[in-house]
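Structural features, examined
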Amino acid sequence: MSIELPETQILAEQMTRTFLEKKVKSVKLYDYKKLQKVGFINRRIKDFDKLIDCKIKSLDYRGGVIHVKFNKKMNLVLCGNYGAKYRYFETEEGIPKKIHFKLGFTDGSYFVIRQSGMGLIYAAEDNEVSNLYVYKRDFSDTPAPVGEHDFTFERFSELLDTKKQNIKAALVGKTAVVVGLSNAAFQEIIYKAGIHPKRNTSTLIESERNNVYDSMKEILNERICSGGKNKFEDLFGEFGRHTPVMGPNMKDKTCPQCGATIEKIAHSGGQVYFCPRCQV
Ligand SMILES: [Zn+2]
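These lines cover the structure that appears in this document, whether it is placed above or below. Quick caveat, the model's predicted, so the values are computed rather than measured.

1. Examining the sheet that holds strand β7 (residues 110–115)
On the basis of which strands lie adjacent, the open sheet formed by four strands has the order β1-β6-β7-β5 and antiparallel pairing. Edge positions in the open sheet fall to β1 (24–29) and β5 (84–89), since each of these has one partner strand only. Averaged over neighbouring strand pairs, the angle between their axes works out to 10° when direction is ignored. Pairing between strand β6 (residues 101–105) and β7: four bridges, direction antiparallel. The residue bridging Leu103 from the neighbouring strand is Phe111, located in β7.

Have a look at this one:
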């Protein structure tokens, strides 16, 4: 399950409440070769040993990235855009076998990560943090779609004008005008806005841009308030309560608004479900 902005916020807030002042006793990585090959885990696994005896001092997040700050100039940078599960355990009991990362604290509790797709687990010294690609991408000037009062509709519209591109490219990935969204949020937002997934942003009239902006805020805020998407498990193993209005869960179903059969297309490296009648 991809960790997008709402789930990142939920996890980061829970981690802040749970982890501050905890001291690291042990760090262990498992089954990490694939992630390491693409640069998502330190090339030198020994780098993680630098976290031992460090205390968690603060925690920050933006978009889909969580930045855990320790004393002794150490940091842990995490990104689960392509699928990850972050869990806390008070004791070793109940920790699943299939994991990639296990941080043990001196009080006997654990922080565990299981990546289900590619994602970053990186131990970095203070001067290395800002060189990490996902950190640069999300801790950037690109606005976050919710939680920032200066991200107005006018600003959004202006940003859409700077790049004339497909609506998916405008909301997800490298060229996006906002941080923190993946394919899952994209499908929900444009369904709610009544926009076809293949539209180019240069063809969007004012009212359509407004619909995208409002839908984005509504969907994301709703997800934050309901503890995340229904397949998302939080730090304590609680499932979210938000059922996506569009996505794989709508496969072979009909549109609740118009009754048309939901269709699926391959689009920019992902499957996109949409209503052929409501989304034009
Ligand atoms: Zn419809």
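After that view, the rundown keeps rolling.
2. Notes on the pairing of strand β4 (residues 74–79)
Along β4, six of the six residues are buried, which leaves the element largely enclosed by surrounding structure. The pairing of strand β3 (residues 65–70) with β4 spans five bridges and is classified as antiparallel. Bridge pairing links Val68 to Leu76 in β4. Where β3 folds back on β4, the antiparallel hairpin that results is connected by three residues, among which Lys72 adopts a positive phi of roughly 55°. Bridge count between β4 and strand β8 (residues 120–125): six bridges; the pairing is antiparallel. Bridging from a neighbouring strand, Leu78 pairs with Ile121 of β8.

3. Some words on the packing of helix α1 (residues 5–19) against helix α7 (residues 206–225)
Running from amino to carboxyl end, α1 crosses α7 at an angle of 30°, the nearest separation of the two axes being 8 Å. For the element pair α1 / α7, the angle class is roughly parallel. Crossing of α1 against α7: the hand is right-handed. In contact with Leu5, Pro6, Gln9 and Ile10 of α1, α7 contributes Leu220, Arg223 and Ile224. Looking at side-chain class alone, the contact of α1 with α7 contains five nonpolar, one polar and one charged residues.

What counts as what
Residues numbered from 1 in each chain as written. Predicted model: local features only at pLDDT ≥ 70, side-chain atom pairs only at ≥ 80, totals over all residues. Pairing = 2+ DSSP bridges. Helix = DSSP H or I, 4+ residues; strand = E, 2+ residues; numbered from the N terminus. Axes fitted to C-alpha atoms, helices over the stretch in contact; angles between N-to-C directions. Buried ≥ 20, exposed ≤ 12 C-beta atoms within 10 Å, placed from the backbone. Parallel < 35°, antiparallel > 145°, perpendicular 65-115°, else oblique. Left-handed = near helix turned anticlockwise from the far one by under 90°. Contact = placed C-beta atoms within 7 Å. Nonpolar A, V, L, I, M, F, W, Y, C, P; charged D, E, K, R; others polar.

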